[in-house]
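Commentary on secondary and tertiary structure
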Amino acid sequence: MTEVATARRSRITPEREAELYEAVLDLLREVGYDAVTMDAVATRTKSSKATLYRQWGGKAELVAKAVRHTKPGGAGFHGIDTGSLRGDLHALTLRSDDCEMEQNSALMRGLAMAIHGNPDLLEAFKEHLIGPEMADFNQVLQRAIDRGEVRADNPAIDFVMHMMIGGFAARSLIDEQPPNQAFLLSYIDAVVLPALGAPTTG
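Notes on the structure in this doc start here. Remember, predicted model here, so these are calculated numbers, not experimental data.

1. Overview of the side chain of N154
Relative to the assigned elements, N154 resides in the loop between α8 (119-147) and α9 (160-175). One polar contact links the side chain of N154 to the main-chain amide nitrogen of A156, over a distance of 2.7 Å. Of note is the side chain of N154, whose polar atom sits 3.2 Å from the backbone oxygen of A195. Beyond its immediate sequence surroundings of up to four residues, N154 is in contact with A195, L196 and G197.

2. Describing the environment of L25
As for its position among the elements, L25 is in helix α2 (residues 14-31). As a C-alpha pair, L25 and T70 span 45 residues in sequence and 8.6 Å in three-dimensional space. Discounting chain neighbours no more than four positions away, the residues touching L25 are A66, V67, T70 and L107.

3. Quick word on the packing of aromatic side chains
Applying the stated rule across the entire model yields two aromatic pairs. Ring centres of Y21 and W56 lie 5.7 Å apart, and the angle between their planes is 65 degrees; on these two criteria the pair is classed as edge-to-face. Linking Y21 in helix α2 with W56 in helix α4 (residues 49-56), this pair joins segments that are 35 residues apart in sequence. Among the residues examined, W56 registers a relative accessible area of 1% and is labelled buried. One residue, K59, lies across the ring of Y33, its end atom 4.1 Å from the ring centre.

4. Details of the pattern of salt bridges
Pairs can form between side chains of opposite charge whenever their charged atoms are close. Evaluation of the coordinates by the stated rule reveals 14 salt bridges. Note that R143 and D81 form a salt bridge whose closest N and O atoms lie 3.5 Å from each other. Linking R143 in helix α8 with D81 in the loop between α5 (59-70) and α6 (85-93), this pair joins segments that are 62 residues apart in sequence. For R151, the salt bridge is made with D153, and the minimal N-O distance between the two is 2.9 Å. Across this residue pair, the class does not change: R151 and D153 are exposed. Salt bridges sharing partners connect three or more residues here, namely D81, D88, R143, R147 and E149.

5. Overview of unusual backbone geometry
Here K46, not a glycine, exhibits a phi torsion of approximately 55 degrees, which is positive. Relative to the helices and strands, K46 is located in the loop between α3 (38-45) and α4. Residues other than glycine seldom take positive phi values, yet E176 does so here, at roughly 55 degrees. Considering the arrangement of structural elements, one finds E176 in the loop between α9 and α10 (181-196). Residue classification places E176 among the exposed residues on the basis of a relative accessible area of 70%.

6. Looking at the environment of R109
Mapped onto the fold, R109 is located in helix α7 (residues 98-116). The sequence separation of R109 and A169 amounts to 60 residues, and the corresponding C-alpha distance is 8.2 Å.

Scoring rules and cut-offs
In every chain, residue numbers begin from 1 and rise along the written sequence. pLDDT decides what is reported in this predicted model: residues at 70 or higher carry local features, side-chain atom pairs at 80 or more are listed and counted, and totals for whole chains, interfaces and linings draw on all residues regardless. Side-chain numbers come from the whole structure's heavy atoms, not from hydrogens or water. Helical segments are the DSSP runs of H or I of at least four residues, strand segments are the runs of E of at least two, and each set is numbered from the N terminus. Identification of polar contacts relies on pairs of N or O atoms within 3.5 Å, with a donor-acceptor requirement for protein atoms, meaning one able to donate a hydrogen and the other able to accept it, and with residues adjacent in sequence counted only if both atoms are side-chain atoms. Throughout, a residue-residue contact means that at least one pair of heavy atoms, one from each residue, lies within 4.5 Å. Working definition: rings of Phe, Tyr and Trp (its six-membered ring) pair if their centres are within 6.5 Å, and the pair is stacked with planes under 30 degrees apart, edge-to-face with planes over 60 apart, and tilted otherwise. Each residue is assigned to one of three classes by its accessible area relative to the maximum for its type, calculated with a 1.4 Å probe on protein chains only: buried under 20%, partly exposed between the two thresholds, exposed over 50%. Placement of a charge over a ring requires the Lys NZ or Arg CZ to be within 6 Å of the ring centre, with the centre-to-atom vector within 35 degrees of the ring normal. Salt-bridge detection follows one rule: a side-chain nitrogen of Lys or Arg within 4 Å of a carboxyl oxygen of Asp or Glu.

Shown next, in the form of structure tokens:
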């Protein structure tokens, strides 16, 4: 990227970027992904459409980055290193209150449906949401391996993200209740840690 392009992309302050992401998520909750347009985002945020395209390229990237920025645990494991895998997973869960989890659950259900008909949204999610989150989990798991909590050859290592997402999604589907801290903490202790052979107490 040229210096000029970098300068252009850095004009939006972190505070303004956060405002834009919140506005995008509000629009998604109101009308759904397919009905959200860059024109609507520009109007809602009092931005120019040219600025939005210059900063994010298109709707799919903007939505994926908005979800990554504002979803529960959106900061990933940044700043979390409790000395145990259980502590790290619990600390990540406790970054979000029950209200945030409920809002996020409803939003993700809607986006999951939209992904099936929008390959560009799927690619944006892989690049800006799924990829970074998998990298975060891999780093945390590697620390657990280095500490001797998890065996490096444990086959469940490759499915930690699947387990976490599955528990989050299944709460609504099976129990007809939104995920909350109490459920996820008990799920981590009852399912994720035993699958990894990691301590479930302490």
